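Each chain, letter by letter, is given below.
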Amino acid sequence: MTTAASLAAGDSHMAYLWLDKEIVPWESAVVHVSAVGHASVSSVFEGIKAYWNDEQQQLYIFRLDDHLKRLYDSLRVAELSSPYSRSDLTAAVIGLLVANEARADTYVRPWMYASGIIREHLVPSGAPTTCVIDTWPFTTGLGTRRTCRACVSSWVRIADNVMPPRLKTFSNYHNGRLGMLEAHRHGYDWPIFLNERGRVTEGPGACVFLCKDGRLVTPSLASNILDSITRRTILRLGVEQGIDVEEREVDRTELYTADELFFVGTGWEILPIGDIDGFALGDGEPGPITLLLDREYHRAVRGETDAHPEWLTPVWTDRQGAADQRAD
Ligand code: PMP
């Protein structure tokens, strides 16, 4: 649950961030106050995690290229321009983690916003952007058997022809925040939104899976959801574990009659739901399929399995190059 204390904890940061080709001290990355408000209307971003493998003394960025592809999809539809290619940003993320001497679980957030002083609310097509990449340490919830209490929100999820949830724009999070505030007012941790057809969509920062009679079910991509990288990962891991998976429209009552229910997302990882709208799921503890996927996801992100090398970008491959970059 978001509290003043957790917001204050979010103030922690690393020594450097990446700002338009430069690795700069975190404190020096400032903009004029006139540039922030309207620019954020059209900002796009990604939330990425890098996991530390102690045995291998290696930091692995999870599915970096998939996240960057989605960033460019968001830019394309928001009609913002970027001078950087995906490979520029890949190098930038790695260079920044090296500069910050990241040897622990680290969150990486690249974001792009219309540059300069913005007086026009409707940022014009092709507006140049500033790109920032920020990183900060996080504590994983994987393997902790935590649970949360969820509710179905009375706020309807934004639709593809309203404010497309497929784009990762900051402005979409206003819908998510309204749902979160309502959930907190009513004593729950997180909301799940329905779409305009009354079907299940997602939470404010994560997708949703349910388990019923041994099958794994998640709302289809046409339900008004983000095309979540974690959702794709869980679908793949589920198949590899021999579980039947279904992507389809999901009814509200399926949430109430599920055997297991959990959120998935880069930030939330696998977050089991103990009860929804007062309906307990099983005994309220994470169920067997949830725990199996939690374990497999943890192994995948930390590079403890050889099954998916294509998902992992190692950071500490060229220590000399890293030292050179810092000296620049
Ligand atoms: N839906 C929403 C609304 C989100 O903010 C997120 C977090 N990025 C997700 C789903 C999960 O997406 P991913 O697995 O790519 O982090």
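See the structure shown above.
Residues numbered from 1 in each chain as written. Predicted model: local features only at pLDDT ≥ 70, side-chain atom pairs only at ≥ 80, totals over all residues. Heavy atoms only, no water.

A. Layout of the site of the ligand. The full set close to the ligand counts 17 residues, and Tyr173, Glu202, Ser228, Thr230 and Thr266 are the nearest of them. At a separation of 2.7 Å, an oxygen atom of the ligand approaches a polar side-chain atom of Arg70. Separating an oxygen atom of the ligand from a side-chain N or O atom of Tyr173 is a distance of 2.4 Å. Look at the ligand: alone it shows 390 Å² of surface, and the protein chains cover 95% of it. Contributing elements (two or more residues each) for the shell around the ligand: helix H2 (64-78) and helix H5 (229-240). In terms of residue class, the shell around the ligand is made up of 6 nonpolar, 7 polar and 4 charged. (Near = heavy atom within 4 Å. Polar contact = N/O pair within 3.5 Å; in protein donor to acceptor, adjacent residues only side chain to side chain. Areas by Shrake-Rupley, 256 points an atom, 1.4 Å probe, with all protein chains shown as cover. Helix = DSSP H or I, 4+ residues; strand = E, 2+ residues; numbered from the N terminus. Nonpolar A, V, L, I, M, F, W, Y, C, P; charged D, E, K, R; others polar.)

B. Spotlight on a nonpolar patch on the surface. On the surface, a nonpolar cluster with roughly 270 Å² of combined accessible area is contributed by Val31, Val33 and Val36. Along the chain, Val33 turns up in the loop between strand S2 (22-25) and strand S3 (44-45). In this structure Val33 comes out as exposed when scored by relative accessible area, which is 64%. (Patch = residues over 30% accessible without salt bridge, like charges linked within 9 Å, V, L, I, M, F, W, Y side chains within 5 Å. Salt bridge = Lys/Arg side-chain N within 4 Å of Asp/Glu carboxyl O. Buried < 20%, exposed > 50% of the residue type's maximum accessible area, 1.4 Å probe, protein only.)

C. Up close: the packing of aromatic side chains. Throughout the structure, instances matching the rule amount to 11 aromatic pairs. When the centroid spacing of 5.7 Å and the interplanar angle of 75° are considered together, the rings of Phe62 and Trp311 count as edge-to-face. In this pair, Phe62 is assigned in strand S5 (residues 58-62) and Trp311 in the loop between helix H7 (288-301) and strand S17 (312-314), connecting sequence segments 249 residues apart. Like Trp311, Phe62 is buried. For the ring pair Phe263 and Trp268, a centre distance of 4.9 Å and an interplane angle of 85° mean the geometry is edge-to-face. The ring of Phe193 carries Arg157 above its face, with NZ or CZ at 5.6 Å from the centroid. (Phe/Tyr/Trp six-rings, centres within 6.5 Å; stacked < 30°, edge-to-face > 60°. Lys NZ or Arg CZ within 6 Å of the ring centre and 35° of its normal.)

D. Local environment of the pattern of salt bridges. Enumeration according to the criterion identifies 24 salt bridges in this entry. Two residues, Arg63 and Asp66, come together in a salt bridge whose shortest N-O distance is 2.9 Å. Owing to a relative accessible area of 9%, Arg63 belongs among the buried residues under this scheme. Between Arg197 and Glu196 there is a salt bridge; the shortest N-O distance is 3.2 Å. A relative accessible area of 42% places Arg197 in the partly exposed class. Judged by its relative accessible area of 49%, Glu196 is partly exposed. A single salt-bridge network, built from bridges that share partners, covers Glu196, Arg197, Arg199, Glu249 and Asp251.

E. Quick peek at the side chain of Thr106. Its location among the elements puts Thr106 in strand S7 (residues 106-114). A residue is classified by how much of its surface remains accessible, and Thr106, at 1% relative accessible area, is buried. In this structure the side chain of Thr106 is engaged in a polar contact, spanning 2.7 Å, whose partner is the backbone oxygen of Ala104. Sequence-distant contacts of Thr106, defined by excluding residues within four places in its chain, comprise Met14, Ile48, Lys49, Ala50, Leu97, Thr135, Trp136, Pro137 and Phe138. (Contact = heavy atoms within 4.5 Å.)

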